[in-house]
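Here is how the chains run, residue by residue.
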Amino acid sequence: MISIHLHFIIGIYHIYDLICSIWSSKAGMLTADMWRQWMANPSLCWGVGPVAVVATAFIITALPLEWLIRQPFMQKYLITYGVDSKKNDGIGRPAAIRRTQEKVPLTEQVKGTALTLAGPAAIVGGVISALAIPFVITYVADQPILPSLGSFLFSTVAMKLIDDFGLYLGHRVQHEVPFLWKHFHSHHHKLTTPTPVSTLYIDATDAMLQGSLPIIAALFFMQPHPFTAYFHIATRIGENAVNHSGLECWWIDVLTLKVLPFRASAGHHDSHHRFSNYSGNAKNFGEMFVIWDWIFGSLRSKTVGNSNHSEAKKVK
Ligand SMILES: [Zn+2]
Ligand SMILES: [Zn+2]
């Protein structure tokens, strides 16, 4: 296990080295200059930037995942509950997806997601972000084009933890307070069996409580370089899409680092949709780690790790 982690760290270093050498080429210098000007402009860096990163990251992860869940070779990785989807007995995951889409048509789910990505709330969010984040993050004049590898890794891990803790709170409060559940979060829970494109089928207030505020808190506490901030936001949104894919597959878990300790499996959030579709006493609120659910007693599984799905599988 230690050797896998060591190879992973060495791999990261090589990628970082490659990015640095691209920067020092002529085209790289021009890009670096544009990037420097981008960072110096708060409206671009903290207004347009996060909104564009969210939309791009979502599209490049959700669309391929949506294609993958339809492929015959991926069917064996789809999460099912109490039944085996391969039996094709009408109660496997494809049938469960169909039932959810009878309740909320796919076009309506896509419309809801598009609204979250580029609707009035996204535009207002971008403006607020452009105005607020320069106060949240201390402006550093003449900062380096890229963060140091150490600060990139440390800030990324810390932001993941802070963001997921904020998401845990913003999510849990909406299950605990009936008013918030009724008017905001229950909208997302219409999706008993979600698919990747429906990840952002979410009320604007819910998106603010589970998305914008935890991310801003992570930025505030870690004061990251813009590159690190964008990387965190992009991977966070990508992970949200994976968590709504219903796919528990070893190579996706490797790519998304869900194989690392304390990380939440895709089944963690999938079983939240399946079994915590109500206000009060729900389980599995976190999305990136199982730590917060474990500490605060809301973990569905008895063990810490990627085994929540195993328990869910037994539920008929
Ligand atoms: Zn929920
Ligand atoms: Zn969800």
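Please read these numbers as outputs of a predicted model, since none were measured by experiment.

This next bit is on the overall build of the chain. For the chain, the helix and strand inventory stands at 14 helices and 0 strands. Counted from the first residue to the last, the chain has its helices and strands arranged as α-α-α-α-α-α-α-α-α-α-α-α-α-α. Here the chain, with 316 residues, has 39% of them falling under the buried criterion. Of all intrachain contacts in the chain linking residues separated by at least 6 positions in sequence, the fraction that spans at least 24 positions is 71%.

As a further point, take helix α12 (residues 266–275). With 8 of 10 residues buried, α12 lies mostly within the body of the structure. Those residues of α12 that fall on the buried side of the exposure criterion are A266, G267, H268, H269, D270, S271, H272 and H273.

Time to look at unusual backbone geometry. You will see that Q223, though not glycine, has its phi angle at about 45°, which is positive. Its location among the elements puts Q223 in the loop between α9 (204–222) and α10 (226–243). Phi is positive for L257, which is not a glycine, with a value near 60°.

A few words now on the packing of helix α3 (residues 42–68) against helix α6 (residues 120–136). At a minimum axis separation of 8 Å, α3 and α6 run at an interaxial angle of 140°. In terms of orientation, α3 lies oblique with respect to α6. Read as a crossing pair, α3 and α6 show a hand that is right-handed. Across the interface between the two elements, P42, S43, W46, G47, V48, P50 and V51 from α3 touch A122, G125, G126, V127, S129, A130, I133 and P134 from α6. The class makeup of the residues in the contact of α3 with α6 is 10 nonpolar, 5 polar and no charged.

Here we take up the nonpolar core. Counting 35 residues, the largest nonpolar core has V54, F58, I133, L219, I237 and A241 as the members making the most contacts within it. A per-element tally of this core places α3 first, with 8 residues. With residues near it in sequence (within four places) discarded, V54 still touches L117, I233 and I237. Listed in part, the 10 residues of the second largest apolar core include F165, F289, V290 and L299.

Within the fold, P42 resides in helix α3. Classification of P42 by C-beta neighbours within 10 Å gives partly exposed; the count is 17. The spacing of P42 and A132 is 90 residues in sequence and 9.7 Å in space, taken between C-alpha atoms.

The subject of this paragraph is helix α4 (residues 93–103). Within α4 the residues assigned to the buried category are R93, A96, I97 and T100. Projected down its long axis, α4 shows its buried positions confined to an angular sector of 100°, all on one face. Of the exposed residues in α4, those oriented more than 90 degrees away from the buried face are R98 and E102.

Let us now look at the confidence of the model for the chain. When pLDDT is averaged along the chain, the result is 86; 88% of the residues meet or exceed 70. In this model, residues 302–316 is a region of pLDDT below 50 whose contacts with residues beyond four sequence positions or in other chains number 30 contacts.

Rules of the game
Residues numbered from 1 in each chain as written. Chains lettered and ligands numbered in written order. Predicted model: local features only at pLDDT ≥ 70, side-chain atom pairs only at ≥ 80, totals over all residues. Helix = DSSP H or I, 4+ residues; strand = E, 2+ residues; numbered from the N terminus. Buried ≥ 20, exposed ≤ 12 C-beta atoms within 10 Å, placed from the backbone. Contact = placed C-beta atoms within 7 Å. Axes fitted to C-alpha atoms, helices over the stretch in contact; angles between N-to-C directions. Parallel < 35°, antiparallel > 145°, perpendicular 65-115°, else oblique. Left-handed = near helix turned anticlockwise from the far one by under 90°. Nonpolar A, V, L, I, M, F, W, Y, C, P; charged D, E, K, R; others polar. Core = buried A, V, L, I, M, F, W, Y, C linked by C-beta atoms within 7 Å. Arc of directions from axis to C-beta. pLDDT = per-residue confidence, 0-100.

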